[in-house]
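This is what each chain is made of:
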Amino acid sequence: MLRRRRRTTAPLTPAAPAPATPASAPAPPTLLPPPVVTLLGLAAAVVVLGGIRASQGVVGPILLAFVIAIAVHPLQAWLRRLLPGWIAVTVTIIVTYTALTAFAGALALSVLQFAGDVTTYQAEFNALLGEGEDLLLQVGVDQAQINGFLERFDLNQVFSLVVGFLSQIAGVLTNLVFVLTLLFFVLLDASSVHAKMAAIEAIRPRVAESMRAFTHGVRQYLVVTAIFGAVVATLDVVLLYALGVPLPLLWGLLAFLASFVPTIGLVVGLVPPTIIGLLDGGPSTGLYVLIGYLLINNTIDNFVKPKFVGDAVGLSITMAFLSLVVWGFVLGPLGALLAIPASLLARALLTDGSPRRAWVTVLLGDRAPEGEELDALARGADDADRPQG
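The rules behind the values
Residues numbered from 1 in each chain as written. Predicted model: local features only at pLDDT ≥ 70, side-chain atom pairs only at ≥ 80, totals over all residues. Heavy atoms only, no water. Helix = DSSP H or I, 4+ residues; strand = E, 2+ residues; numbered from the N terminus. Buried < 20%, exposed > 50% of the residue type's maximum accessible area, 1.4 Å probe, protein only. Contact = heavy atoms within 4.5 Å. Core = buried A, V, L, I, M, F, W, Y, C linked by side-chain atoms within 4.5 Å. Salt bridge = Lys/Arg side-chain N within 4 Å of Asp/Glu carboxyl O. Phe/Tyr/Trp six-rings, centres within 6.5 Å; stacked < 30°, edge-to-face > 60°. Lys NZ or Arg CZ within 6 Å of the ring centre and 35° of its normal. Expected span 1.5 Å × (residues − 1). Patch = residues over 30% accessible without salt bridge, like charges linked within 9 Å, V, L, I, M, F, W, Y side chains within 5 Å. Areas by Shrake-Rupley, 256 points an atom, 1.4 Å probe, with all protein chains shown as cover. Axes fitted to C-alpha atoms, helices over the stretch in contact; angles between N-to-C directions. Parallel < 35°, antiparallel > 145°, perpendicular 65-115°, else oblique. Left-handed = near helix turned anticlockwise from the far one by under 90°. Nonpolar A, V, L, I, M, F, W, Y, C, P; charged D, E, K, R; others polar. pLDDT = per-residue confidence, 0-100.

1. Quick look at the overall build of the protein
In terms of helices and strands, the protein carries 17 helices and zero strands. Across the 389 residues in the protein, those meeting the buried criterion constitute 36%. In the protein, the share of contacts with a sequence separation of at least 24, taken over all contacts with a separation of at least 6, comes to 76%.

2. Re the nonpolar core
With 59 residues, the main nonpolar core has Leu183, Leu187, Trp251, Tyr293 and Ile340 as its most contacted residues. When residues of this core are assigned to their parent elements, the largest contribution, 10 residues, is made by helix H9 (residues 205–243). Residues contacting Tyr293, with those up to four places away along its chain left out, are Asp236, Leu239, Leu240, Trp251, Leu266, Gly269, Leu270, Pro273 and Asn298.

3. Notes on the pattern of salt bridges
Side chains that carry opposite charge are capable of pairing whenever their charged atoms lie near each other. Enumeration according to the criterion identifies one salt bridge in this entry. With its nearest N and O atoms 3.4 Å apart, the salt bridge here joins Arg212 to Glu201. One end of the pair, Arg212, is in helix H9; the other, Glu201, is in helix H8 (residues 193–203), and 11 residues separate them in sequence. Accessibility expressed as a relative area gives 37% for Arg212, which makes it partly exposed.

4. Comments concerning the packing of aromatic side chains
Under the defined criterion, the tally for this structure stands at one aromatic pair. Aromatic side chains Phe256 and Phe260 sit 5.5 Å apart centroid to centroid with 75 degrees between the ring planes, which places their arrangement in the edge-to-face category. Of note, Arg53 hangs over the ring of Phe329, and the distance from its end group to the ring centre comes to 4.1 Å.

5. Concerning H9
Along an α-helix, a turn takes 3.6 residues, which lines up residues three or four apart on a common side. Here H9 is 39 residues long and its end C-alpha atoms lie 56 Å apart, about the 57 Å a rise of 1.5 Å per residue gives. Just past H9, the residue Gly244 takes up positive phi, approximately 75 degrees.

6. Regarding a nonpolar patch on the surface
On the surface, Ile264, Val267, Val271, Phe321, Leu322, Val325 and Val326 cluster together into a nonpolar patch covering about 520 Å² of accessible area. At the level of secondary structure, the elements contributing two or more residues to the nonpolar patch comprise helix H11 (265–281) and helix H13 (317–331). No other element matches H13, which puts four residues into the nonpolar patch. Taking relative accessible area as the criterion, Phe321 reaches 39% and is therefore assigned partly exposed.

7. Topic: unusual backbone geometry
In this model, Leu247 sits at a positive phi of 55 degrees, which is unusual for a non-glycine residue. Inspection of the secondary structure puts Leu247 in the loop between H9 and helix H10 (248–258). Judged by its relative accessible area of 14%, Leu247 falls in the buried class.

8. A look at the packing of H9 against H10
H10 packs onto H9 with a crossing angle of 155 degrees between their chain directions and a minimal axis gap of 8 Å. Of the possible angle classes, the one that applies to H9 and H10 is roughly antiparallel. In this structure, the crossing between H9 and H10 has a hand that is right-handed. In contact with Ala226, Gly229, Ala230, Ala233, Asp236, Val237, Leu240 and Tyr241 of H9, H10 contributes Pro248, Trp251, Gly252, Ala255 and Phe256. The class makeup of the residues in the contact of H9 with H10 is 10 nonpolar, two polar and one charged.

9. Details of the confidence of the model for the protein
With 68% of its residues at a pLDDT of at least 70, the protein reaches an overall mean of 75. Ignoring residues within four places in sequence, the model shows residues 18–25, a span with pLDDT below 50, making three contacts including any to other chains.

10. Re the side chain of Asn297
Mapped onto the fold, Asn297 is located in helix H12 (residues 283–309). In this structure Asn297 comes out as buried when scored by relative accessible area, which is 4%. When near neighbours in sequence (up to four residues on either side) are disregarded, Asn297 contacts Val232, Asp236 and Leu266.

11. Here's the deal with the environment of Asn302
Relative to the elements of secondary structure, Asn302 occurs in helix H12. On a C-alpha basis, the gap between Asn302 and Thr263 in space is 9.8 Å, while along the polypeptide they are 39 residues apart.

As structure tokens, then:
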């Protein structure tokens with residue numbers, strides 16, 4: 001007889017579920033529509049800027065101390081290769097203190113001298129207005145219109161703006177106790193900044209990259225602007241000395257400070273010495289000052305300096321002007337001087353470290369990215385928008 005074979009079957013096991021693909025992963029839920037998020041961000045920005053404006057006497061010197069620390073960090077790093085760390089910090093503090101004290105002292109003395117001499121030009125100013133009034137009457141301008149203009153125009157009001165601007169700058173610089181105390185601690189912490197940046201790069205690479213780009217851009221902007229500002233100020237002082245315009249040192253310092261004011265710095269440094277030259281030496285001297293300033297300042301600021309600054313700033317002309325308006329309103333005259341570094345810091349903190357907001361950086365910039373740069377930004381935005389599975 002044939003025996004029937006017993007068929008053995010392996011026990012059935014449940015099939016493993018197929019791994020979920022990235023395309024099937026649900027997108028993270030959005031609690032609020034994007035327009036609402038944008039409006040809330042703008043409202044928060046208004047509140048923050050209002051708080052900064054209310055405490056500008058503290059925030060301004062703090063920002064100035066950090067900008068100075070960024071500017072002098074290469075000196076400290078070079079000294080650390082030659083000297084012990086505490087000696088390098090001490091030498092950096094002494095050099096910075098000496099430079100700030102000398103600059104603030106010269107500025108304060110010049111402002112005091114100008115404030116005492118400005119009233120002596122009232123008679124010349126009234127005579128010049130009388131000649132202008134006769135000329136306008138001869139060409140047919142109505143006397144009532146002339147009187148309305150003269151009532152709103154006062155020499156003391158014109159120069160009070162200059163005195164107020166320089167006085168507030170000198171007041172911040174003379175408050176060296178707070179600025180240098182904060183600067184001392186910042187420079188002490190600078191010894192470990194490289195290790196901290198390496199740790200940040202391991203945690204958030206894009207944030208570290210944006211902070212390095214910010215410090216490099218601010219340092220390059222400050223150094224180049226200071227060098228060309230000193231060149232412009234020296235040439236302006238020589239021109240004013242040659243023309244016999246009073247207080248040439250003050251106008252040279254004003255030209256140096258105005259080089260840090262974006263878009264309207266030329267006008268800030270040009271108007272006061274031109275008016276003084278007009279009142280002291282007559283129309284010919286005022287015209288020579290005007291032409292000389294336009295040739296010197298305009299050529300260097302608009303044609304020479306941009307080639308050396310390059311892409312350090314990366315802000316369009318419109319954004320540079322808006323930076324001047326916003327930070328000048330929030331922080332006063334010091335904000336006008338620090339408008340570009342403050343805007344670069346805000347951009348580094350809010351947009352540069354996030355691929356999702358790379359379009360904001362492009363919109364604020366002075367040029368459109370092309371080629372590999374554009375491809376890298378697009379890939380970063382796609383990676384950020386891709387849902388995580």
